[in-house]
Amino acid sequence: MSQVSLRRLVKRFGAVKAVDDVTLDVREGELVALLGPSGCGKTTTLRMIAGFIAATEGQILIGDRDVTHLPPYRRNTGMVFQGYALFPHMTVAQNVAFGLEMRKVAKADIAPRVAEALRLVRLDGLGERMPRQLSGGQQQRVALARALVIRPEVFLLDEPLSNLDAKLRLSVRVEIRQLQQSLGLTTVFVTHDQEEALTLADRLVVMSQGSVQQIGTPEALYERPANHFVADFIGRSNFLEGRVTAPGMFRTRGGLDVAFADTGASPRDAGVLAIRPEKVQVGGEAGPNRFPGTIEFVTYLGAATELRVRLASGEAVAVTRPNDTPAGDGAVAARAAMPGQPVTVSWPPAAALLLAPPAA
Amino acid sequence: MIVSLRRHWRRATLCAVVFLVYVFILTPVIFVSWISFFSNEIVSFPPEGYTLRWFANVWEQRVFARGFVMSLQVAAIATVLGVSLGTLASIAIVRYRFPGRETLNMLLLSPLIVPGTVAGTALYIFYIAVDDALEWRLQATLEGLVLAHVMLTIPWTVRLVTASLVGIDRSVEDAAMNLGANRWTTFRRVTFPMMRAGLVAAALFSFITSFENLELSLLLVGPGRTTLPIAILQYLEFKVDPTIAAVSFVQILLIGTLMLITDRFVKLSRVV
Ligand SMILES: Nc1ncnc2c1ncn2[C@@H]1O[C@H](COP(=O)(O)OP(=O)(O)O)[C@@H](O)[C@H]1O
Ligand SMILES: [Mg+2]
């Protein structure tokens, strides 16, 4: 396994900049997820690493080898495609053996390695089946075995779970992660599903319109989003627009004076405060950032309940509260939120993050 | 109640139409086959008896045997050439974007819509012109006939192979290259096997189209180089007896067998 480096990678399709100046280092044995909405350039980036798309500008290194101008068959990456892309006219075993044949592995060594790869993905004994005779989940595992059996330097996955049903997606996700960790695979994983990315990846790369918005661990991205896009895309946020009036003080358009944790690196003038709904409290003891309002809407989410509170300033704030007491409990009934009920919401200054206003 | 009745009627109508279509298609085949065993020379119903002598007559009339061999030869060469060229053209049309792509596609399919006699006449004139200009004799030669048939077979290949190429998931080829196969190996090991069904169907239809072509060949054959359909036509000009039916029966058997054999390798109903 080796690390992968993308240096100022650019891909233009005519006038469209599909990938715009992407720089990224994937460490050895690390799983990095490329995350972003559809059309943001994730697939294009991945296909440039694999060599299917030529970079317009920039450099790609695998290990310390510059592969920017090498064709896919000289790069030694193992890719799992969105639709699995199994060879329909070959058996499962032949599919898995293909990469070994291309590497001129001795005939006698191929069969044991294929068997081992199939055992790894728990498909032992299905080697003689044709791909069409397998379920979606099984085909997916053949694709994994086929990509891994060649011992690639980099493991590439393009939305590998998107064709599976929700239940299966969860278990395959865990399997992929375990496989990746036990084999120490340097992995780039493309997804538009933030939950998938947050649970799977060591680090995330959030992309929008071809460019990188932020790179970091799931926690860093969630707790310290670098900009409005990331705060909005990863999890949910309340956004309050306004301007900074004094160090650590912010006045919203509606006229609320909100204290926030001033890091000094924050924008000085107009900006947006981002506040996670689960960090907002209803009621709560005295302190800064307490604002009266009225419950406008209640949504039961199972594990939590979301309230939309219209503040006296006219701004709306979403609040989530865990449903952690047993149903039927008297205390719960007493606290039960009803639309129209007046409440006070509050949040600690540290929960309010100042960001630059979103690009119009 | 009413809905189910209506559905019932719809089904019945559909079955009736399908049945009629089959009758319409199969009646000539059945009659030709039947007549080839009639013992009376002038065809009349019911037959006076049954005989195999028309088949013997087919064998004795050397024109048929020679025409048969000639047709076989022309169809085989034209199929090989037509399928090869047509496949290359299809790959270009499906995989590459270039100016005039649509026009090329239309052009390659057009022999399907130009009447055979028109195309034959045009080729006749063209061959004469080629002979005048280049001293290359095509009119009434085997090469000329084969080239004309290649033109006939190309549309079938372009249609069928294009369809099978369009149906190939490009990421399967990407997967092969990702696993270390270069472009040629990818074509040989992945693309080609995946378009095999289309190729086999294209070869079959090309062969049949060439083998039974009459209109185009009529204008381009030379003395002593008659194809089977022309031999049949010439025989008909001075004699009408069940010999013709016998020849046709042999031809039906041949093509039918060819289709059955092909169908064992690729399901034709899925390709065409
Ligand atoms: N072959 C291509 N030709 C032209 N534009 C393309 C091509 N491939 C991708 N694009 C464009 O590049 C952008 C990024 O595409 P892609 O990488 O597939 O996004 P993602 O995988 O993040 O959904 C999109 O706007 C898409 O329309
Ligand atoms: Mg994509």
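Thresholds, definitions, all that
Residues numbered from 1 in each chain as written. Chains lettered and ligands numbered in written order. Predicted model: local features only at pLDDT ≥ 70, side-chain atom pairs only at ≥ 80, totals over all residues. Heavy atoms only, no water. Helix = DSSP H or I, 4+ residues; strand = E, 2+ residues; numbered from the N terminus. Contact = heavy atoms within 4.5 Å. Lys, Arg positive; Asp, Glu negative; His and termini not counted. Charge placed at Lys NZ, Arg CZ, Asp CG, Glu CD. Polar contact = N/O pair within 3.5 Å; in protein donor to acceptor, adjacent residues only side chain to side chain. Buried < 20%, exposed > 50% of the residue type's maximum accessible area, 1.4 Å probe, protein only. Near = heavy atom within 4 Å. Areas by Shrake-Rupley, 256 points an atom, 1.4 Å probe, with all protein chains shown as cover.

Some thoughts on the overall build of chain B
And then number 1: Per the secondary structure count, chain B includes 12 helices and 0 strands.
And then number 2: Listed by position from the N terminus, the elements making up chain B come as α-α-α-α-α-α-α-α-α-α-α-α.
And then number 3: Across its three principal axes, chain B shows a C-alpha extent of roughly 80 × 70 × 30 Å.
And then number 4: For chain B, the proportion of contacts with a sequence separation of at least 24, taken over those separated by at least 6, is 69%.
And then number 5: For chain B, the distance from the average position of its 22 positive side-chain charges to the average position of its 16 negative side-chain charges is 15 Å.

Details of the environment of Asp-20 of chain A
Residue and element names in this part refer to chain A.
And then number 1: Of note, Asp-20 is situated in strand β2 (residues 16–26).
And then number 2: In this structure, the C-alpha to C-alpha distance between Asp-20 and Val-282, residues 262 residues apart in sequence, is 43 Å.
And then number 3: With residues up to four places along the chain from it excluded, the contact list for Asp-20 reads Leu-9, Gly-210 and Ser-211.
And then number 4: Of the polar contacts made by the side chain of Asp-20, one reaches the side chain of Lys-17; its length is 3.4 Å.

Quick word on the side chain of Thr-226 of chain B
All names here are of chain B.
And then number 1: Counting through the fold element by element, Thr-226 comes out in the loop between α9 (215–218) and α10 (228–238).
And then number 2: A relative accessible area of 19% means that Thr-226 is categorised as buried.
And then number 3: Excluding residues that lie within four positions of it along the chain, Thr-226 makes contacts with Arg-66, Gly-67, Met-70, Ala-231 and Gln-234.

A look at the site of ligand 1
All names here are of chain A.
And then number 1: Neighbouring residues of ligand 1: Phe-13, Ala-18, Pro-37, Ser-38, Gly-39, Cys-40, Gly-41, Lys-42, Thr-43 and Thr-44.
And then number 2: Thr-43 is positioned such that a nitrogen or oxygen atom in its side chain is 2.6 Å from an oxygen atom of ligand 1.
And then number 3: A total of 570 Å² of accessible area belongs to ligand 1 in isolation, and the protein chains cover 57% of it.
And then number 4: Broken down by element, the shell around ligand 1 gets its largest block of residues, 3 residues, from helix α1 (residues 42–50).

What is shown is where atoms sit, not what they do.
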